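A closer look at the structure
So the chains spell out like this:
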Amino acid sequence: MTRLAFAFAATAVVWLSAPAGADAARVAVGLSRGADTAAVVNAIERRTGSRPENLAPIPALVVDLPAGRSLRGIRGIRYVEPLVTRQLAFTPTDPLVSKQWYLTQSRFYESWVTLPAFEPIPVAVIDSGVDTGHPELAGKVLGAKSFVGSSARQDTLGHGTFVAGLIAAGVDNGIGIAGLAPSAELLVAKVVTRSRAIPVEAEAKAIRWAVDNGARVINMSLGGARDPLDPSRDTYSRLEADAVAYAVSNGAVVVAAVGNSPQGQAPGKYASYPAALPHVLGVSATDDTGGIPDFSNRDRIFNDIAAPGLQIVSILPRTLTARFPACAEQGYSSCGSDEYREAQGTSFAAPLVSSAAAVLLSLRPNLRPEQVSEILRGAAVDMNEATGCDTCAVGRDADSGWGRLDVAAAIAALAKRLPARDYYEANDDAGTRAYPTSGSNRRIKATVDFWDDQDDVYAIRLKKNQPVYVGLTGSDTSVDLSLAFWLPQARSIEGVADLRFRARVSARTGAREYLSYRARSAGTYFVQVRMSSPGLTRYRLTIIKA
């Protein structure tokens, strides 16, 4: 008998016998195809002294199996297993939970019968301010700061309060809605002026403040236009990119809305900034039927994940709902203006993903940002025609990214092998963004991701006339990598004007590249690793100085 066969036989013996020490065990008995059900029932009754209950048309019986009795040898039995019980998933009792349809679709509370002990997670809401005195946020605000003058603890627009409520509203506190991240503690950064403008300077300062105050998740339900085909419309900001890189380098998960198209227009083809930056989880919207609403921007690279963004219910500043005194649900969006009563937008999808990130970190505080992002993307439900999205292709697509947010699946993924850490991020550009290396020989293991982390850049010091050899090997041989060597004058690897400072390029087909160079002058040079084809891979980079 082979080892495998022995293992199977031993397992069968366990299941065909009653648990030791039990007076009787309630067991299910599966019937083989074509079995004589009456004959099996009679044989079991003779063995056990009790007549089995027939679950037809399900091919199974249920019976009490006395201690020490076995059903082995009875023909027609496919399996015998002890009957187990299931428990209801935790369901918040907050009065407005019935309106929060997205709790069920995204499976926020399905993993627990009772809520576990969470590690508190600081979540920054960079927005229009928050009504920090709202009863739903009692004890939830760690700090608040305005970068546009007026108090961060006041929100005349309502947008920031709405976002904050989705993330951190009290759960089972007897009022209103249930927040989606029970562990979240809010860092409120106000960056929206009275005219609804968002200065990039204010945004960058807010990100720095949030990181310096311990933010592990940063939610930005805001955006600026991106249009690679029309530079006059494109609002790319290196300051914003540097601020995001600072956040990621210091362990914060950055989540942003991909943006909305104007009413009556076709959805935009490009995600907004900062969603269209490396290491940012760009979030599009889904509706309650599994489709993508027309307002949600598309993007084949920077749309990472989709989450409910239609008919969303949250809290509002009490000064805004007081304008509708006849409405009973004061302090909630159901008593707000039309734009909040039927709230929709990727602005309100993003905080669902931020909440999910906070939940993962509260269960595994040592996760790095790239691990959290990969877990959420990997656990997403693929959106396609079979799952209710007529416009979505099977697999990753421009409409939904990797698919619809599934919090329960993401939590379950924590028990499996976790994605690899990448300690060098966010090293996406030359200059101060490059990761500094030292020593004569250096071997680095890291990852690149076509959709979220196409470039890794390393800084190396060379003396005049010093030779250097660089080798690159990707663990996934099916992907294409490229390798480039940049002169000290390079300030960025992104601009066309900087290409004159690219000294060497190795772009062979496949996952192995190498190049050599002799420094003409002393200085800091840059090695660029690029992911050239769709995919994700771990790689090994070897730098040898002669």
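Here's a quick rundown of the structure.

So, how was this worked out
Residues numbered from 1 in each chain as written. Predicted model: local features only at pLDDT ≥ 70, side-chain atom pairs only at ≥ 80, totals over all residues. Heavy atoms only, no water. Helix = DSSP H or I, 4+ residues; strand = E, 2+ residues; numbered from the N terminus. Axes fitted to C-alpha atoms, helices over the stretch in contact; angles between N-to-C directions. Left-handed = near helix turned anticlockwise from the far one by under 90°. Contact = heavy atoms within 4.5 Å. Nonpolar A, V, L, I, M, F, W, Y, C, P; charged D, E, K, R; others polar. Pairing = 2+ DSSP bridges. Parallel < 35°, antiparallel > 145°, perpendicular 65-115°, else oblique.

The linkage connecting A56 with the following residue, P57, adopts the cis geometry, with an omega of 10°. For P57, the location among the structural elements is in the loop between β2 (53-54) and β3 (60-66). Residue E425 is joined to A426 through a cis peptide bond whose omega torsion reads 10°. Of note, A426 is situated in the loop between α11 (407-413) and β14 (435-436). In this structure, R107 is a non-glycine residue whose phi angle is positive, near 55°.

Two numbers describe how helix α9 (residues 346-363) lies on helix α10 (residues 369-379): the axes approach to 10 Å, and their chain directions differ by 115°. Read as a crossing pair, α9 and α10 show a hand that is right-handed. Packed against α9, whose contacting residues are V353, A356, A357, L360 and L361, the element α10 presents V372, I375 and L376 at the interface. Looking at side-chain class alone, the contact of α9 with α10 contains eight nonpolar, no polar and no charged residues.

Looking now at the sheet that holds strand β21 (residues 523-531). Strand order in the open sheet formed by five strands is β14-β16-β21-β18-β19, and the pairing between neighbours is mixed. Since the sheet does not close on itself, it has two edges, and those belong to β14 and β19 (502-506), each with one partner. As paired strands, strand β18 (residues 481-486) and β19 are joined by four bridges and run antiparallel to one another. Residue F485 lies in a different strand from β19, and its bridge partner there is R504.

It is worth spelling out the packing of helix α5 (residues 200-212) against helix α6 (residues 238-249) at this point. Running from N to C, α5 and α6 point in directions that differ by 10°, and their axes come no closer than 9 Å. Looking at the two axes, α5 sits roughly parallel to α6. Each of V200, E201, E203, A204, I207, R208, V211 and D212 in α5 lies in contact with α6, whose residues at this interface are L239, E240, A243, V244, Y246 and A247. Looking at side-chain class alone, the contact of α5 with α6 contains nine nonpolar, no polar and five charged residues.

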